[in-house]
Structures are given as C-alpha cells and as structure tokens.
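Secondary and tertiary structure notes
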Amino acid sequence: MNHPEKWVSVVAVVAVVLLFFAPGDHIAKLTLAIGYGALLLVFLFGAMVLTLMATGKIDLSELLEEESGGASMSRFQLLIFTFVISLSFFLLVAKSNEFPQVPAEVLTLLGISGTTYAVGKGIQAGSEKAAEEAEAEDENEKAPGKKGEK
Amino acid sequence: MPSLATLAYWELMILLSGFFGIVFWKLLTRQIKLNGLLEGDQPDEKTHFSPGRVQLLIFTALFAVNYLAQVIRNPAEFPPVAEAWLAVLGGSSAVYAGGKAQSLLFPGLGNSTRRSP
C-alpha cells in the first residue's frame, strides 16, 4: 500500500485487457472497461482505508471522545444512526437495483441526531467560557487586595 | 466473468462489513474508548451517573433494532418512521441536552445532591 501507483497500474491493465477481450462493439467494450476499472479502483481505496484502520495507522481511539474527556453520547448516537441508515440503504439498493427515495422522516431523524451533537458542543463551549470568565473575575477581585497588602 | 452489478454488490458487501466489523471490534476491545459514556459532566470537571444519557441510549438502541428489522423484513423501500418515534427520539434528545445545559450552565438550579443528567 506504500506505492499507490502500482495499484493504479493494475487497474489500468485490467481495464485495457477488458477493452480488448470483451464482446460487443467499441462503445460497449469501453463502457465495460470503465465500469470494471472504477469498481476495482473504489475497492482498492476502500481496502487501503480498512487496512489503515485495522492496523491503527488511522487512529479511531478518540472517535467518540469529547474534548473534556469521556465518551460522547451524541457522537455514539450519530454513529449508530449512520450504521443503520447506510446498511438499510445498501440492502434496498441490492434488492431493488435502483436508487431508493429517502423519506423526509429519515432525514429528520439524522437531523435530530446532528442537532443533539451540535447543541451539546454549544453547551460545552458555553460552560468553558463561563468558567474562564469566572476565573478572570476572581483574579480581578484578588488583585486589589494584594496591592493593599504591599 | 461476474457482471458489474454482482461485482458491485460483493464489493460493497465486503467494504461495509469491513468498516462495521472493525468499528465493532475496536468498541469491544476498548480500542475506541467508551469510558464515561453514561456519566454527565459538572462545571467542576467531576462526573456523575447520568439518567439522561441512559434513556437516550435505550431509545436509540430500540429505534435502531426496530428500523433494521423493518428493512430486513421488507427491503423494497425505506420504511416510514412513525411520528411517535420521531417525537420520542426528539424528546429524549431534548431531555439529554436540557440536562446537560442545566448541569453545566445553571448548576445552582438543582440541589447539591442531585445527579447530573
């Protein structure tokens, strides 16, 4: 996987072989060659990402972690919904061989999940800002006392 | 040679299974950290058990299993999501977000012994 040009060459060779040996006219051959080539390319990209994830070179340890530490419930919910919708989408396409219509309710569902995540982040940021302001006020109150002691 | 559609089907099957498998494996072996998933935050950086997070997890899991079962039973089109489910999940998320806001932004509103949502 260190030399992507090798894999691109493999795809190009497969496409050329298909171009010469596939039945039909030139346009049909070209269509087939592009189709198989694109599939192979997508598979190699996906396999590369999977390998990097499995070996830990793509670090997933903080996938669900909040900035303040600890796993985030809203991130976990978004992960579950993404799995459910993508798996459903794949099953529907495989069964019907056409692009399915995504109903508004499913989009609303993903919206609810995304909004929960965004609101949670907003609350977290607001809390940190309030804490910083409180610290600054404390320091300001202590400062005149120190001057008086001198 | 397999047709384009067959090849695409198996390719996606392998890639999706791989993605799900790796994420589940890393969740099970704690390589993706789940520490504190059910613990609410406090302004003083302490954490406590959070009922708000537990109810959100339960409703999310129930919905996910129910929806996947519907798709597997009838994979002709996306099954419609009942408005009741949307209301339950929206309400559950609102309870979670409201609890988080209360414990982080207005900690004085609850009594000191109350657990944060």
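What you are looking at is a predicted structure, and each value in this text was computed from that prediction instead of being measured.

A few points about the overall build of chain A
- Secondary structure summary: chain A contains four helices and zero strands in total.
- For chain A, the N- to C-terminal ordering of α and β elements is α-α-α-α.
- Taken against the 2.2 N^0.38 rule, which gives 15 Å for 150 residues, the C-alpha radius of gyration of chain A at 27 Å runs more than 25% over that of a compact globule.
- Burial analysis of chain A (150 residues in total) assigns 31% to the buried set.
- The contacts in chain A between residues at least 6 apart in sequence include a share of 40% that link residues at least 24 apart.
- Entry remark: accessible area of chain A is about 9,400 Å², with carbon and sulfur atoms responsible for 65%.

Points about the nonpolar core
- Ranked by internal contacts, the top residues of the largest apolar core, which has 36 residues, are A:Leu64, A:Phe76, B:Val23, B:Phe63 and B:Tyr67.
- Secondary-structure elements contributing two or more residues to this core are helix H2 (26–55), helix H3 (73–96) and helix H4 (104–149) of chain A together with helix H1 (4–28), helix H2 (51–73) and helix H3 (83–105) of chain B.
- Here this core takes ten residues from H3(A), the largest share from any one element.
- Residue assignment places this core across two domains, with domain 1 (1–60) and domain 2 (61–150) of chain A each supplying three or more.
- Other than its neighbours up to four places away in sequence, A:Phe76 contacts A:Leu64, B:Leu27, B:Leu34, B:Leu37 and B:Leu57.

Some words on the side chain of B:Ser50
Residue and element names in this part refer to chain B.
- With respect to the helices, strands and loops of the structure, Ser 50 is situated in the loop between strand S2 (47–49) and H2.
- By relative accessible area, which is 0% here, Ser 50 ends up buried.
- Reaching out from Ser 50, the side chain makes a polar contact with the backbone nitrogen of Arg 53 at a distance of 3.2 Å.

Side note on the packing of aromatic side chains
- Per the counting criterion, the structure on display carries nine aromatic pairs over all chains.
- Between A:Phe83 and B:Phe24, the aromatic rings sit 5.7 Å apart at their centres with planes inclined by 55°, giving tilted as the arrangement. Of the two residues, A:Phe83 is situated in helix H3 and B:Phe24 in helix H1; the pairing between them involves two chains.
- By way of ring pairs, the aromatic residues A:Phe81, B:Phe63, B:Tyr67 and B:Trp85 are connected into one cluster.

Things to note about the interface of chain B and chain A
- The interface of chain B with chain A comprises 54 residues on the first partner and 61 residues on the second.
- Here chain B and chain A share an interface that buries about 5,200 Å² over both sides, 80% of which is from carbon and sulfur atoms.
- Our enumeration of links across chain B and chain A arrives at zero salt bridges.
- The greatest single-element share of the side of chain B that touches chain A, amounting to 18 residues, is contributed by H1(B).

Looking at a nonpolar patch on the surface
Residue and element names in this part refer to chain A.
- Together, Val 13, Val 16, Val 17, Phe 20 and Phe 21 give the surface a local cluster of nonpolar side chains, amounting to about 550 Å² of exposed area.
- Structurally, Phe 20 can be placed in helix H1 (residues 4–21).
- Exposure remark for Phe 20: the relative accessible area of 60% places this residue in the exposed category.

As for H2(A)
Residue and element names in this part refer to chain A.
- Across its 30 residues, H2 extends 43 Å between first and last C-alpha, which sits within 8% of the 44 Å expected from 1.5 Å per residue.
- All buried positions along H2 are accounted for by Lys 29, Ala 33, Gly 35, Tyr 36, Gly 37, Leu 39, Leu 44, Gly 46, Ala 47, Leu 50 and Met 53.
- Just downstream of H2 lies Gly 56, where phi reads positive at about 85°.

Considerations on a negative patch on the surface
- Taken together, A:Glu128, A:Glu132, A:Glu133, A:Glu135, A:Glu137, A:Asp138, A:Glu139 and A:Glu141 make up a surface patch of like negative charges.
- Among the residues examined, A:Glu132 registers a relative accessible area of 55% and is labelled exposed.

Structural notes on the domain arrangement of chain A
- As far as domains go, chain A holds domain 1 (1–60) and domain 2 (61–150).
- When each unit is reduced to the centre of its C-alpha atoms, the spacing between domain 1 of chain A and domain 2 of chain A is 37 Å.

Considerations on the confidence of the model for chain B
Residues and elements named next belong to chain B.
- Of all residues in chain B, 85% have pLDDT values of 70 or greater, and the mean over the chain is 83.
- Scored below 50 in pLDDT, residues 111–117 makes 17 contacts in the model with residues more than four places away or belonging to other chains.
- The complex model carries a pTM of 0.75, and its ipTM stands at 0.80.

Let's talk about the packing of H3(A) against H2(B)
- At a minimum axis separation of 10 Å, H3(A) and H2(B) run at an interaxial angle of 0°. What the angle tells us is that H3(A) and H2(B) run roughly parallel. Every residue of H2(B) that contacts H3(A) at A:Met73, A:Phe76, A:Gln77, A:Ile80, A:Phe81, A:Val84, A:Ile85, A:Leu87, A:Ser88, A:Leu91 and A:Leu92 is listed here: B:Arg53, B:Leu56, B:Leu57, B:Thr60, B:Phe63, B:Ala64, B:Tyr67, B:Leu68, B:Val71 and B:Ile72.
- Partitioned by chemical class, the residues of the contact of H3(A) with H2(B) number 17 nonpolar, three polar and one charged.

Calculation rules
Residues numbered from 1 in each chain as written. Chains lettered and ligands numbered in written order. Predicted model: local features only at pLDDT ≥ 70, side-chain atom pairs only at ≥ 80, totals over all residues. Heavy atoms only, no water. Helix = DSSP H or I, 4+ residues; strand = E, 2+ residues; numbered from the N terminus. Rg over C-alpha atoms; globule rule 2.2 N^0.38 Å. Buried < 20%, exposed > 50% of the residue type's maximum accessible area, 1.4 Å probe, protein only. Contact = heavy atoms within 4.5 Å. Areas by Shrake-Rupley, 256 points an atom, 1.4 Å probe, with all protein chains shown as cover. Core = buried A, V, L, I, M, F, W, Y, C linked by side-chain atoms within 4.5 Å. Domains from an automatic or database assignment. Polar contact = N/O pair within 3.5 Å; in protein donor to acceptor, adjacent residues only side chain to side chain. Phe/Tyr/Trp six-rings, centres within 6.5 Å; stacked < 30°, edge-to-face > 60°. Buried area = accessible area lost by both parts, 1.4 Å probe. Salt bridge = Lys/Arg side-chain N within 4 Å of Asp/Glu carboxyl O. Patch = residues over 30% accessible without salt bridge, like charges linked within 9 Å, V, L, I, M, F, W, Y side chains within 5 Å. Expected span 1.5 Å × (residues − 1). Lys, Arg positive; Asp, Glu negative; His and termini not counted. Charge placed at Lys NZ, Arg CZ, Asp CG, Glu CD. pLDDT = per-residue confidence, 0-100. Axes fitted to C-alpha atoms, helices over the stretch in contact; angles between N-to-C directions. Parallel < 35°, antiparallel > 145°, perpendicular 65-115°, else oblique. Nonpolar A, V, L, I, M, F, W, Y, C, P; charged D, E, K, R; others polar.

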